[in-house]
Amino acid sequence: MTGGAIEERRFTDREVREILKRAVEAPSRGLIKSEGLSLAELQAIGEEVGIDPARVEDAARAVESRGVDRSGRLLGAPTVLNYERRISGSLAPEDTPEVLSVIRRTMGRQGEVNDVHGSLEWSAKGDSGERYVTLSSRDGTATIRGSANLTNAAVLTYLPAGIIGLITSIVGVVALAESGDLLGLVVSLAVLPVLYLVLRAVFRTVVGRDSARLQRTVDELARLAEGSEP
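Residues numbered from 1 in each chain as written. Predicted model: local features only at pLDDT ≥ 70, side-chain atom pairs only at ≥ 80, totals over all residues. Heavy atoms only, no water.

**Student:** Please clarify how the overall build of the protein should be interpreted in this entry.
**Tutor:** Of regular secondary structure, the protein possesses seven helices and five strands. Reading the helices (α) and strands (β) of the protein from amino to carboxyl end gives α-α-α-α-β-α-β-β-β-β-α-α. For the protein, buried positions account for 28% of its 230 residues. The contacts in the protein between residues at least 6 apart in sequence include a share of 60% that link residues at least 24 apart. (Helix = DSSP H or I, 4+ residues; strand = E, 2+ residues; numbered from the N terminus. Buried < 20%, exposed > 50% of the residue type's maximum accessible area, 1.4 Å probe, protein only. Contact = heavy atoms within 4.5 Å.)

**Student:** I keep staring at a nonpolar patch on the surface and nothing clicks. Help me out?
**Tutor:** On the surface, Val 155, Leu 159, Ile 163, Ile 167 and Val 171 cluster together to form a nonpolar patch covering roughly 440 Å² of accessible area. For Ile 167, the position within the fold is in helix α6 (residues 151-179). (Patch = residues over 30% accessible without salt bridge, like charges linked within 9 Å, V, L, I, M, F, W, Y side chains within 5 Å. Areas by Shrake-Rupley, 256 points an atom, 1.4 Å probe, with all protein chains shown as cover. Salt bridge = Lys/Arg side-chain N within 4 Å of Asp/Glu carboxyl O.)

**Student:** Explain the pattern of salt bridges here, please?
**Tutor:** Between side chains of opposite charge, a pair can form when the charged atoms approach closely. For the coordinates displayed, the defined rule picks out six salt bridges. With a shortest N-O distance of 2.4 Å, Glu 84 and Arg 86 are connected by a salt bridge. With a relative accessible area of 35%, Glu 84 lands in the partly exposed category. A relative accessible area of 54% places Arg 86 in the exposed class. Between Arg 131 and Asp 210 there is a salt bridge, and its shortest N-O distance comes to 2.7 Å. Pair noted here: Arg 131 is in strand β4 (residues 129-138) and Asp 210 is in helix α7 (residues 182-227), with a separation of 79 residues, a long-range link. Since its relative accessible area comes to 2%, Arg 131 is described here as buried.

Okay, here's the thing in C-alpha cells:
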C-alpha cells in the first residue's frame, strides 16, 4: 500500500484500537513521559481521537481501584470491592427516586433502602454476597461509595466443585495406581490443577461482572450529583 493510499484511508473501530495499542506498546517512542501522564493529559489525548473525557476518567478510576486492591490473587479476583467518588454537587431528598432508579437499573437488583445517619444506603444481600451503595452530601460535596463482599461467592464457586474434584482425583489415583495405568494416573493427578484454573476463571468472571456494575453505578450517580449542582 502506498503512502498516499494510507493517508486517504478510513480506519474501522477495530483497526483504530489496534493502531493505538501498537503505538502505546512500541518501544522507545516517547509517547508516555517518564513521570507518567495526569488525568487531564489523558483526557486531552482522548479528546484528540474523539473519546469523551468522562469515559477516560471512568476508565482511569477503574484502573486505580484495580491497582489498589491486590488481594484475591489465589482466588483469581478479590472478594471485597470498593469504589468511591467525591464530587462537587449534592443530592436532595427529591432526587431519591431518580437515584434509586439508577442504582436498581445498573446493579440489576431491587435491594433495600435505608437512611443511615443522614446518608442514603442501598443494600442487596443474597447467597453470593452483599452489595452496598451509599450516598451522602455535605457542604456542597457529594460522596458516593459502592462496595461488595463476595466471600460467599468464592465459597460457592470453589468449595462444592473442589470437594468433588478432590474425591474424584483421590479415587482415580488409588484405583489406577493399583492397576498400573500410568497414563490414567497422570490424568487423575492433573484433575485438581485443571479444575482450579477453571474455577479461578469462573470466579474472576463473577467478580468482574459485579465490579463493572458497581463502577458504573458510582459513575452514573456522580454525574447525576454533578448535574444537580446549583
